[in-house]
Each structure stands twice: as C-alpha cells, then as structure tokens.
Amino acid sequence: MGTPKSPVVQEVGPGELEEVIKMDLECDLEIMRLNGKKPSNIKSFARIHRNNFLAAYNEPVEQRIFGAKVGNALVGFVWVRIEPEIEEMVPVGFVESIFVKSEYRGNGLGKALIRSAERFCKGKGVSRLELVVNAKNRSAIDFYRSMGFKARRYTLERRLVPAR
Ligand SMILES: CC(C)(COP(=O)(O)OP(=O)(O)OC[C@H]1O[C@@H](n2cnc3c(N)ncnc32)[C@H](O)[C@@H]1OP(=O)(O)O)[C@@H](O)C(=O)NCCC(=O)NCCS
C-alpha cells in the first residue's frame, strides 16, 4: 500500500478543508451503517453535513485539524477543539472527529493523529482529552482503549416508540 513507517501528520491548510469535510461525511455514513441506517437522500444529507461542519468550524474556539498524509494525499484527519468541561468547568480537549481511510487503517495513522491532538492540547495548558463514541463502534472503542482512554460518563437512552 506504500504507507510510510513514520506517518506524516501536519495541520491541514485551508485548501484541504473540503477534502476533510468529505472524509468526515464518510465517517458519519460509516457510523450510520453500524446502526443499520442510511440517509434517504445522500445529496441533501451531504449538504446539511457540510453546513453543520462549517458552522462548528467557524465558531470562535481554539481548534485544529491535523491531517495524515501519504505523499501528497490526505488519508485521514483529527479535528480537536478546546471546550469547557461540564462537570468541573475546566477546559478540556475534545476530539470532534477522527477518521482514517479504510485502506490505510492499522498502520499507526490514527495513533499519530491522536498524538498530534494531545500535543496541541498540552501546548494550550489543557490536561485532558475527551471524546464521544457510538456504543456500536466496537473497533473505534478498542482503538481508544488501546490508547489509554477510559469511560468517564455514560449516555443512556430508552426508546419511546418502536424502532422504524
Ligand atoms: C478509529 C480509527 C481512526 C483508527 O485508526 P487506525 O489508523 O486504524 O489506528 P492505528 O493503526 O493507529 O491503531 C492504533 C492502536 O489501536 C489499535 N487498534 C486499532 N484498531 C483496532 C481495532 N479494530 N481493534 C483493536 N485494536 C485496534 C491498534 O492495535 C494500535 O495499537 P498498538 O499501537 O498498541 O498496536 C480508524 O479505524 C477509523 O477511521 N475508523 C472509522 C471512523 C471512526 O470510527 N472514527 C471514530 C469515530 S468516534
């Protein structure tokens, strides 16, 4: 596959943002599939996804997107934001999204991306990195656990109407 042993991870430039948005859409679709769902209209889903992404990205918070590159090709990214934590009201790093293209997984790129997010947060004086993961996304949960992440709180839900 030609993936280098030492992945190149660097902050993405403005010209790479549309590529990141495409990967983030791919990430959302992959997670929807785990839940047996798919958008009824992919074009309008992609448009809404892009608008939501840009709305969050344009918020005035400290944030960075780091990209994993193989040669000139962007094959993964992590988007990290510094946000107030709701229980202790200290700023924490929040991994908004992380994705590696399927053919490049298992080569250490995800780990290198998380390390970049960590370095960014530490540089801002932030001592904790958090994220939310879908309970059905077992492989991502295993990935995070292998990197030392532990559950801190649970989101619980109960159906009020039968599943459609
Ligand atoms: C999660 C994801 C980013 C991981 O990226 P990756 O490049 O495959 O991960 P790495 O190769 O860096 O793996 C790092 C560590 O996690 C472990 N790991 C990765 N995937 C794993 C899996 N499916 N099961 C168990 N361990 C796993 C590796 O063994 C490795 O540990 P090691 O360094 O001790 O060997 C990637 O699988 C992905 O993009 N998934 C789809 C999108 C997604 O689910 N994003 C998260 C949404 S919350």
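Everything numeric here is computed off the predicted structure, so don't read it as measured data.

## Re the overall build of the protein chain
In terms of regular secondary structure, the protein chain is built from four helices and five strands. Secondary structure elements of the protein chain occur, N-terminal to C-terminal, as β-α-α-β-β-β-α-β-α. Expressed as a percentage of its 164 residues, the buried residues of the protein chain come to 20%. Look at the contacts in the protein chain between residues 6 or more apart in sequence, and 64% of them connect residues 24 or more apart.

## A short note on the nonpolar core
Formed by 23 residues in total, the largest nonpolar core has its most connected members in Phe 77, Val 78, Val 80, Leu 113 and Ala 117. Secondary-structure elements contributing two or more residues to this core are β2 (63-70), β3 (73-84), β4 (91-100) and α3 (109-123). Residue contacts for Leu 113: discarding those within four places in its chain leaves Val 9, Phe 66, Ala 68, Gly 76, Phe 77, Val 78 and Ile 98.

## With respect to the packing of helix α1 (residues 17-34) against helix α2 (residues 42-57)
Running from N to C, α1 and α2 point in directions that differ by 115 degrees, and their axes come no closer than 10 Å. For the element pair α1 and α2, the recorded crossing hand is right-handed. Between α1 and α2, the residues in contact are Ile 21, Asp 24, Leu 25 and Asp 28 and Ala 46, His 49, Arg 50 and Phe 53, respectively. Residue classes in the contact of α1 with α2 are distributed as four nonpolar, one polar and three charged.

## Observations concerning the site of the ligand
If you check the shell around the ligand, you find 19 residues, and the closest are Arg 105, Gly 110, Lys 111, Ser 139 and Asp 142. Listed by contribution, the elements that provide at least two residues to the shell around the ligand are α1, β4, α3 and α4 (138-146). In terms of residue count, the dominant contributor to the shell around the ligand is α4 (five residues). Its residues assigned to classes, the shell around the ligand shows eight nonpolar, seven polar and four charged.

## Brief notes about unusual backbone geometry
Even without being a glycine, Met 89 presents a positive backbone phi close to 55 degrees. Assignment of secondary structure puts Met 89 in the loop between β3 and β4.

## Re the sheet that holds strand β5 (residues 129-130)
Pairing is mixed in the open sheet, where five strands are placed in the order β1-β2-β3-β4-β5. Across the chains shown, the open sheet's two edge strands, defined by having one partner strand only, are β1 (8-11) and β5. Note that β2 and β3 share eight bridges and pair antiparallel. By the bridge assignment for β3, Ile 65 is matched with Trp 79. Along the sheet, α1 makes contact with β2, β3 and β4, crossing β4 at roughly 85 degrees.

## Section: the pairing of β3
Once β2 ends, the chain turns through two residues before running back antiparallel as β3, passing Gly 71 with a positive phi of about 60 degrees. Pairing between β3 and β4: nine bridges, direction antiparallel. When the bridges of β4 are listed, Pro 84 appears paired with Pro 91. Taking the residues between adjacent antiparallel strands as the criterion, β3 and β4 are bridged by six residues, where Met 89 takes a positive phi near 55 degrees.

## A short note on the environment of Leu 29
Relative to the assigned elements, Leu 29 resides in helix α1. For the pair formed by Leu 29 and Glu 16, sequence separation is 13 residues and the distance between their alpha carbons is 20 Å.

## Quick word on α1
When the terminal C-alpha atoms of α1 are compared, their 26 Å separation across 18 residues agrees well with the 26 Å that a helix rising 1.5 Å per residue should span. Count one or two residues on from α1 and you reach Gly 36, which has phi positive near 70 degrees.

Calculation notes
Note on numbering: residues in each chain are counted from 1, in written sequence order. Reporting in this predicted model follows two pLDDT cut-offs: at least 70 for local features of residues, and 80 or more for side-chain atom pairs to be given and counted; totals over whole chains, interfaces and linings ignore these cut-offs and use all residues. Numbering of helices and strands runs from the N terminus, with a helix taken as a DSSP run of H or I at least four residues long and a strand as a DSSP run of E at least two residues long. Exposure classes come from backbone-placed C-beta atoms, where a residue is buried if 20 or more other C-beta atoms lie within 10 Å of its own, exposed if 12 or fewer do, and partly exposed in between. By definition, residue pairs are in contact when their C-beta atoms, positioned from the backbone, come within 7 Å. By convention the nonpolar core is taken to be a set of buried residues drawn from Ala, Val, Leu, Ile, Met, Phe, Trp, Tyr and Cys and joined through C-beta atoms within 7 Å. Fitting a line to C-alpha atoms yields each axis, with helices limited to the stretch in contact; the angle taken between N-to-C directions then spans 0 to 180 degrees. Whether a crossing is left-handed or right-handed is set by the direction in which the near helix is turned from the far one by less than a right angle, anticlockwise for left-handed and clockwise for right-handed. As a working rule, the residues Ala, Val, Leu, Ile, Met, Phe, Trp, Tyr, Cys and Pro are called nonpolar, Asp, Glu, Lys and Arg charged, and the rest polar, with Gly in that last group. We count a residue as near a molecule or strand when its backbone-placed C-beta atom lies within 6 Å of that partner. DSSP calls a pair of strands paired once it identifies at least 2 bridges connecting them. Expected span of a helix: the number of residues minus one, times 1.5 Å.

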